[in-house]
Amino acid sequence: MNSNLQVCAIKRTCFASYRKHYNKTQREVAIAVGVTESHIRHIENGRANPDVKLLFKLARYFGTTAENLFPDLANVEVEFAGNK
């Protein structure tokens, strides 16, 4: 895997990096996962978030995890339930 895909810290650069790494257009991704091209564009630009089902479809499509694809969505602080 390309090192650019492993180090993408800001907003949606990871999602765009994966798409470009696999030489896929926004339209190709949209068709593959069953959404509109504009929805993919909005997700990539940070104006929209994928729902849970789409999140996992995109992760599988690119052969990675949701956390790697969208680190901005995965970066949350929550206390582990087992600590109580």
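Here the structure is a predicted model, which means the values were calculated and not measured.

1. Some remarks on the overall build of the chain
What the chain contains, in helices and strands, is seven helices and zero strands. For the chain, the succession of helices and strands along the chain, N to C, is α-α-α-α-α-α-α. Counting only contacts in the chain whose residues sit at least 6 apart along the sequence, the fraction spanning at least 24 positions is 48%. With an accessible surface of roughly 5,800 Å², the chain has 51% of that area assigned to carbon and sulfur atoms.

2. Some remarks on helix α2 (residues 13–21)
What α2 keeps buried is the set C14, F15, A16, Y18 and R19. Two residues or fewer past α2, N23 is found with a positive phi of approximately 50°.

3. With respect to the nonpolar core
Grouped burial of nonpolar side chains is what soluble globular proteins tend to show. Of all hydrophobic cores here, the largest spans 15 residues; its most connected members are F15, I40, I43, L58, F62, L69 and F70. Once residues within four sequence positions are removed from consideration, I43 is found in contact with R12, F15, A48, N49, P50, L54 and F70.

4. Side note on the pattern of salt bridges
Under the definition given, this model contains two salt bridges. The salt bridge partner of R19 is E44, with a shortest N-O separation of 2.6 Å. Here R19 is found in helix α2, whereas its partner E44 is found in helix α4 (residues 37–45), with 25 residues between them in sequence. You'll find R19 and E44 in the same group, each marked buried. Taking the shortest distance from any N to any O, the salt bridge between R41 and E37 comes out at 3.9 Å. Placement of both R41 and E37 in helix α4 is noted, with a separation of four residues, approximately one turn of the helix. Look at R41 and you get partly exposed, because its relative accessible area is 32%.

How each quantity is defined
- Numbers given for residues are sequential positions, taken from 1 along each chain in its written order.
- Local features are withheld for residues below a pLDDT of 70 in this predicted model, meaning they are given only at 70 or higher, and side-chain atom pairs are given and counted only at 80 or more; totals for whole chains, interfaces and linings count all residues.
- Calculation of side-chain values draws on the structure's entire complement of heavy atoms; hydrogens and water are dropped beforehand.
- Helix and strand assignments come from DSSP, with helices taken as H or I runs of at least 4 residues and strands as E runs of at least 2, each series counted from the N terminus.
- Between two residues, a contact is recorded if the distance between any of their heavy atoms is within 4.5 Å.
- All accessible areas in this document rest on Shrake-Rupley with a 1.4 Å probe, and a residue is counted as covered only by the protein chains that are shown.
- Three exposure classes are used, based on accessible area relative to the maximum for each residue type with a 1.4 Å probe and protein chains only: buried under 20%, partly exposed in between, and exposed over 50%.
- What we call a nonpolar core is a set of buried Ala, Val, Leu, Ile, Met, Phe, Trp, Tyr and Cys residues that are connected through their side-chain atoms within 4.5 Å.
- Here, a salt bridge means any Lys or Arg side-chain nitrogen found within 4 Å of an Asp or Glu carboxyl oxygen.

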